[in-house]
Amino acid sequence: MTAAASPPRPPVRLGVLISGEGTNLQALIDAIARGDLAAEIRVVISNQAAAGGLARARHHGIDAQVIDHRGFPSRQDFDRALVAALNAHGVELVVCAGFMRLLSPVMVAAFRDRIMNIHPALCPAFPGVDAQQQAIDYGVRFSGCTVFFVTEGVDNGPVIVQAVVPVHQDDDAATLAARIHAEEHRIYPWAIALFQQGRLEIRGRRVHIRDFPAPAAIPALINPRSS
Ligand code: GRF
């Protein structure tokens, strides 16, 4: 007797936090449109009024708000405003996509195990800002990007997905960032899809992915491009 297939889960309700251009936000919008990600972006929130991602969101009819951190006396007060806005939109999963603010315990506790971030390095290497320049300065031959669950630390939460890119001799931060960005746009929608499908289980600091493809398929999923 074969087990009955479980019914598809409803689209996950996302709140996306940005500070800048929003190309990762665009990748999510595109993945949803293609049918690769069962999700609904309920709200995009930026702490910067000039963030290019706000226009991307509005172009697609997504509610886009500015909550300027400078209007709040403390990081915690800012985070309380974020939590209120996200909850007002029924957000299940918070997606940080180039959001240049450290989250306080207020946010982490309100959405425990339900906040993802993406970092342009292979965590735990090169946390914080200028990760691409850090990689070049250090002289590593490979770098990449990491999607992880946000905890109280800086870029060191449980890892969900990583992708690797080579670092070329003549790279500068911009050329390396472009190579990494292409991988970010591929793995972030995938990580969120795994969440939506209920396949991510946090065990201590490790994330177990249920029904992961057979080992032979893993290299293709993690790192299909090497240029
Ligand atoms: C990405 O490199 C991401 O890894 C980092 O911020 C950048 C955001 O880029 N956290 P974009 O705004 O999505 O284009």
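About the thresholds
For every chain, the first residue of the written sequence is number 1, and numbering continues from 1 along that sequence. The model is predicted, so local features are restricted to residues of pLDDT at least 70 and side-chain atom pairs to those at 80 or more, both for listing and for counting; the totals for chains, interfaces and linings are taken over all residues. Side-chain calculation: all heavy atoms of the structure are included, whereas hydrogens and water are not. Only DSSP runs of H or I reaching four residues or more are called helices, and only runs of E reaching two or more are called strands; each is numbered from the N terminus. Atoms counted for the radius of gyration: C-alpha only. Globule rule: 2.2 Å times the number of residues to the power 0.38. Under the scheme applied here, a residue whose accessible area is under 20% of the maximum for its type counts as buried, over 50% as exposed, and between as partly exposed, the area being computed with a 1.4 Å probe on protein chains only. Residue contacts are counted whenever heavy atoms from the two residues lie within 4.5 Å of one another. Exposure was quantified through the Shrake-Rupley algorithm and a 1.4 Å probe, taking into account, for residues, occlusion by the shown protein chains and nothing else. The criterion for a residue being near a molecule or strand is simple. One of its heavy atoms has to lie within 4 Å of it. Any pair of N or O atoms that falls within 3.5 Å is considered a polar contact. Within protein, one atom must be able to donate a hydrogen and the other to accept it, and sequence-neighbouring residues count only if both atoms are side-chain atoms. Classification convention: Asp, Glu, Lys, Arg as charged; Ala, Val, Leu, Ile, Met, Phe, Trp, Tyr, Cys, Pro as nonpolar; all other residues, Gly among them, as polar. Domain borders in the structure are assigned automatically or taken from a domain database. Summed over both partners, the accessible area (1.4 Å probe) lost when two parts come together is defined as the buried area. A carboxyl oxygen of Asp or Glu within 4 Å of a side-chain nitrogen of Lys or Arg is what we treat as a salt bridge. Nonpolar cores were defined as sets of buried Ala, Val, Leu, Ile, Met, Phe, Trp, Tyr and Cys residues, with membership established by side-chain atoms within 4.5 Å. Here the expected span of a helix is defined as 1.5 Å times the quantity of residues minus one.

Caption draft 1: Layout of the overall build of the protein chain. Within the protein chain, the secondary structure is distributed over 7 helices and 9 strands. Relative to the compact-globule value of 17 Å for 227 residues, the protein chain shows a C-alpha radius of gyration of 18 Å, a close match. Reported as C-alpha extents along the three principal axes, the dimensions of the protein chain are approximately 60 × 45 × 35 Å. Taken across its 227 residues, the protein chain has 44% of its residues classed as buried. Long-range contacts, defined as pairs at least 24 residues apart, comprise 64% of the intrachain contacts of the protein chain with a sequence gap of at least 6. Surface summary for the protein chain: the accessible area is close to 11300 Å², and the carbon and sulfur share equals 54%.

Caption draft 2: Seen up close, the site of the ligand. By nearness alone, every residue bordering the ligand is listed as Glu21, Gly22, Thr23, Asn24, Gly98, Ile118, His119, Pro120, His181 and Glu184. In the model, an oxygen atom of the ligand is placed 3.2 Å from a nitrogen or oxygen of the histidine 181 side chain. Bound to the protein, the ligand loses 85% of the 370 Å² it would expose on its own. Where the shell around the ligand is concerned, the elements lending two or more residues are α1 (23–34), β5 (115–119) and α6 (173–196). Here the shell around the ligand is built from residues that sort into 2 nonpolar, 6 polar and 2 charged.

Caption draft 3: Spatial organisation of the domain arrangement of the protein chain. Splitting the protein chain by domain gives domain 1 (11–112) and domain 2 (118–227). For domain 1 versus domain 2, the distance between C-alpha centres works out to 20 Å. Between domain 1 and domain 2, the contact holds 21 residues from the first and 15 residues from the second. Per-residue buried area on domain 1 facing domain 2 is highest for Asn24, Leu93 and Val108; these three make up 28% of the total on that side. Between glutamate 152 and arginine 112 there is a salt bridge; the shortest N-O distance is 3.3 Å. One can count 5 residue pairs in polar contact (both at pLDDT 80 or more) joining domain 1 with domain 2. The element best represented in the side of domain 1 that touches domain 2 is α1, accounting for 5 residues.

Caption draft 4: Inspection of the nonpolar core at higher detail. With 46 residues, the main nonpolar core has Val16, Ile41, Met116, Ile160, Tyr188, Ile192 and Leu200 as its most contacted residues. Of the residues forming this core, the biggest block, 9 residues, is contributed by α6. Here this core gathers at least three residues from each of two domains, domain 1 (11–112) and domain 2 (118–227). The contacts of valine 16, once residues within four sequence positions are left out, are Leu25, Leu28, Ile41, Val43, Val44, Ile45, Val95 and Ala97. With 20 residues, the next largest nonpolar core counts Ile67, Leu82, Leu103 and Val150 among its residues.

Caption draft 5: Examining α1 more closely. For α1, with 12 residues, the first-to-last C-alpha span of 16 Å sits near the 16 Å given by 1.5 Å per residue. Taken residue by residue, α1 has Asn24, Leu25, Gln26, Ala27, Leu28, Ile29 and Ala31 as its buried positions. Where α1 is buried, its residues touch β1 (12–18), β2 (39–46), α2 (52–59), β4 (93–96), β5 and α6. Looking one or two residues past α1, glycine 35 carries a phi angle of roughly 90 degrees, positive in sign.

Caption draft 6: Main features of the pattern of salt bridges. Tallying each qualifying case throughout the model produces 11 salt bridges. Taking the shortest distance from any N to any O, the salt bridge between glutamate 21 and arginine 56 comes out at 3.5 Å. Of the two residues, glutamate 21 is situated in the loop between β1 and α1 and arginine 56 in helix α2; the sequence distance between them amounts to 35 residues. Residue arginine 56 is classed as partly exposed on the basis of its relative accessible area, which comes to 22%.

Caption draft 7: A look at the environment of valine 150. Position of valine 150 relative to the elements: it lies in the loop between β6 (142–149) and β7 (159–166). As a C-alpha pair, valine 150 and leucine 102 span 48 residues in sequence and 10.0 Å in three-dimensional space. With residues near it in sequence (within four places) discarded, valine 150 still touches Leu103, Val108, Ile115, Met116 and Asn117.

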